[in-house]
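Residue strings, one per chain:
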Amino acid sequence: MSIHKSYKYILVALAIFAAQACTKGFEDMNKDPTKATSNTPSQMILGIERTASDIVYDNTVNGTIGMLYAQYYAQTQKENQSLYQLDEGSNNRLWALYSGPLSNVKNLIDINSVTPEPGAKNENAIANILSVWMFQILTDAYGNVPYSDALQGNKTLAVTYQDSKVIYDSLIDRIDKQIAALDTSVPAFEGNGEVIYNNDLLKWKKLANSLKLRIGTRIALADPAKAKQLISEAVQSGVFESSDDEAKFPYLSTIGSQYPFNDSSGGTPHNDYQVTATLINMLQQTGDPRLPVYARPAAATKTYVGKAYGANDFGGGYDAYSFPGAKVYSPTLPGYIMSYAEVAFDL
């Protein structure tokens, strides 16, 4: 063998060795030691509850859409949203329920089907009840939405937008199955991750029945006979009996764990919205004691003054009208899934 060939083989061997040396340990190096590589259902439930509440009570969903369209609030200087000129950024926010908490509900149930935790049966039932709540919000807001073939990843790229009646019928069936599945003789989530009811299965059952009551009330005009049946079944099985039964996500005063849209400093309110004349006038005319909760006195007059909705009139400035109440903007205001007041009203 010539010297030239010997050098050639040596260089090839060194190149192979160098390539192996350069890639050795890369896999471990690219792993973030601060992030979990797998999750358990008990670790996932808090994220599902928190993310769902954050989306529903986000300023774009609860404020720009909910409070404006109900004419509880009016915009201040820029009133395009009050005139129903909804921007797509606000409109798309609610759809994040699909990519976030609803997808994680499916993941939680999938994990329990492979490596079930001791409380898997109850965990799946709780996750499904939350899923029913989220899907009802979506179909109430948009009508036809993806449902049966949603959450399938790239398995189904062209999803079907199903009719609200079909979705409602399925939600009723799912609620009944979760009520039957909840079993107080076995555990639920481990640790303290489930914070809406802290694993109180009797209260989760009351929530499921109360959601069934809500569905019955919503279809009362479309199908009176079925609505009467659903309401009767829900009440007999057990709905909320007091405010102690309410389903709500508990936000904290700690920054990062607060209610999504709040006066974090406890000082002046956000200037995005002021309370409408529609709401304030009604509360005053009926002598409703909730007026000081819903609104603050206007700075200029120290009285409750509502702003005309969508009138493009801001001549008096911020001081002329009432801002929403301090409690409404509290960092620890809970994210309600369902209140006792709604149940009492429905009955």
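Look up a bit, the structure's there.
To start, this report covers the structure provided alongside it. (Residues numbered from 1 in each chain as written. Predicted model: local features only at pLDDT ≥ 70, side-chain atom pairs only at ≥ 80, totals over all residues. Heavy atoms only, no water.)

1. So, the overall build of the chain
Tallying secondary structure elements over the chain gives 13 helices and six strands in all. Look at the contacts in the chain between residues 6 or more apart in sequence, and 74% of them connect residues 24 or more apart. Taken as a whole, the chain presents about 18,500 Å² of accessible surface, with 56% of it coming from carbon and sulfur. (Helix = DSSP H or I, 4+ residues; strand = E, 2+ residues; numbered from the N terminus. Contact = heavy atoms within 4.5 Å. Areas by Shrake-Rupley, 256 points an atom, 1.4 Å probe, with all protein chains shown as cover.)

2. What about the layout of surface pockets?
Taken as a whole, the largest pocket holds about 1,900 Å³ of empty space. Tyr-57, Asn-62, Met-67, Tyr-72 and Tyr-336 are the residues nearest the centre of the largest pocket, which is lined by 46 residues in total. For the lining of the largest pocket, the secondary-structure elements that each account for two or more residues are α4 (59-69), α7 (120-142), α9 (201-218), α11 (277-285), α12 (291-294), β6 (335-338) and α13 (340-346). Tallying contributions element by element places α4 first for the lining of the largest pocket, with eight residues. (1 Å grid on protein atoms, 1.4 Å probe; cavity = no way out; pocket = protein on both sides within 12 Å on 5 of 7 lines; lining within 4 Å. Points joined across faces, edges and corners; volume = space filled by probe spheres on them.)

3. Overview of the packing of helix α3 (residues 41-56) against helix α6 (residues 96-114)
Remark: α3 packs on α6, axes separated minimally by 9 Å, with the N-to-C direction vectors making an angle of 160°. In terms of orientation, α3 lies roughly antiparallel with respect to α6. The chirality of how α3 crosses α6 is left-handed. Of α6, the residues touching α3 (which contributes Pro-41, Met-44, Ile-48, Thr-51, Ala-52 and Ile-55) are Ala-96, Leu-97, Pro-101, Asn-104, Val-105, Asn-107, Leu-108, Ile-111 and Asn-112. Among the residues making up the contact of α3 with α6, the classes are represented as 11 nonpolar, four polar and no charged. (Axes fitted to C-alpha atoms, helices over the stretch in contact; angles between N-to-C directions. Parallel < 35°, antiparallel > 145°, perpendicular 65-115°, else oblique. Left-handed = near helix turned anticlockwise from the far one by under 90°. Nonpolar A, V, L, I, M, F, W, Y, C, P; charged D, E, K, R; others polar.)

4. Remarks on unusual backbone geometry
For Asn-199, which is not glycine, the phi dihedral falls at a positive 70°. With respect to the helices, strands and loops of the structure, Asn-199 is situated in the loop between α8 (164-181) and α9. Although it is not a glycine, Lys-302 sits at a positive phi angle of roughly 60°. Here Lys-302 lies in the loop between α12 and β6.

5. Some details on helix α10 (residues 224-237)
Residue pairs three or four apart in sequence face the same way in an α-helix, which turns once every 3.6 residues. Given a rise of 1.5 Å per residue, 14 residues ought to cover 20 Å, and the 20 Å separating the end C-alpha atoms of α10 matches this to within 8%. Looking only at α10, the buried set comprises Ala-227, Leu-230 and Ala-234. Within α10, the buried residues cover an arc of 65° as seen down the axis, which keeps them to one side. What points out from α10, more than 90 degrees from its buried face, is the exposed set Pro-224, Ala-225, Lys-228 and Gln-236. Where α10 is buried, its residues meet α8 and α9. Positive phi appears at Gly-238, one or two residues downstream of α10, with a value of about 120°. (Expected span 1.5 Å × (residues − 1). Buried < 20%, exposed > 50% of the residue type's maximum accessible area, 1.4 Å probe, protein only. Arc of directions from axis to C-beta.)

6. Some words on the packing of aromatic side chains
All told, the structure shown has 15 aromatic pairs when counted by the stated rule. Judged by centre distance (5.8 Å) and plane angle (45°), the ring pair of Tyr-57 and Tyr-259 falls under tilted. Here Tyr-57 is found in the loop between α3 and α4, whereas its partner Tyr-259 is found in the loop between β4 (247-249) and β5 (273-275), with 202 residues between them in sequence. Under the relative-accessibility criterion, Tyr-259 is labelled buried at 5%. Through a chain of ring-to-ring contacts, three or more aromatic side chains come together here, namely Trp-95, Tyr-98, Phe-135, Tyr-142, Tyr-147 and Tyr-161. (Phe/Tyr/Trp six-rings, centres within 6.5 Å; stacked < 30°, edge-to-face > 60°.)

7. Considerations on the packing of α8 against α9
Interhelical geometry of α8 versus α9 gives an angle of 160° and a closest axis separation of 10 Å. Between α8 and α9, the angle is such that the two are roughly antiparallel. In this structure, α8 meets α9 at a crossing whose hand is left-handed. Side by side, α8 and α9 meet where Tyr-168, Leu-171, Ile-172, Ile-175, Asp-176 and Ile-179 of the first sit next to Lys-205, Ala-208, Asn-209, Leu-211, Lys-212, Ile-215 and Arg-218 of the second. Here the contact of α8 with α9 is composed, by residue class, of eight nonpolar, one polar and four charged.

8. Looking at the pattern of salt bridges
This model, assessed by the stated rule, comprises 15 salt bridges. Residue Glu-79 pairs with Lys-307 through a salt bridge whose shortest N-O separation is 3.2 Å. Placement of the pair is Glu-79 in the loop between β1 (73-75) and α5 (88-93) and Lys-307 in the loop between α12 and β6, with a sequence separation of 228 residues. Accessibility expressed as a relative area gives 1% for Lys-307, which makes it buried. We note a salt bridge from Lys-177 to Asp-173, for which the minimum N-O separation is 3.2 Å. With Lys-177 and Asp-173 both in helix α8, this residue pair falls four residues apart, about one helical turn. For Lys-177, a relative accessible area of 51% translates into the label exposed. Among the residues examined, Asp-173 registers a relative accessible area of 37% and is labelled partly exposed. One continuous salt-bridge network, built from bridges that share partners, spans Lys-165, Asp-169 and Lys-226. (Salt bridge = Lys/Arg side-chain N within 4 Å of Asp/Glu carboxyl O.)

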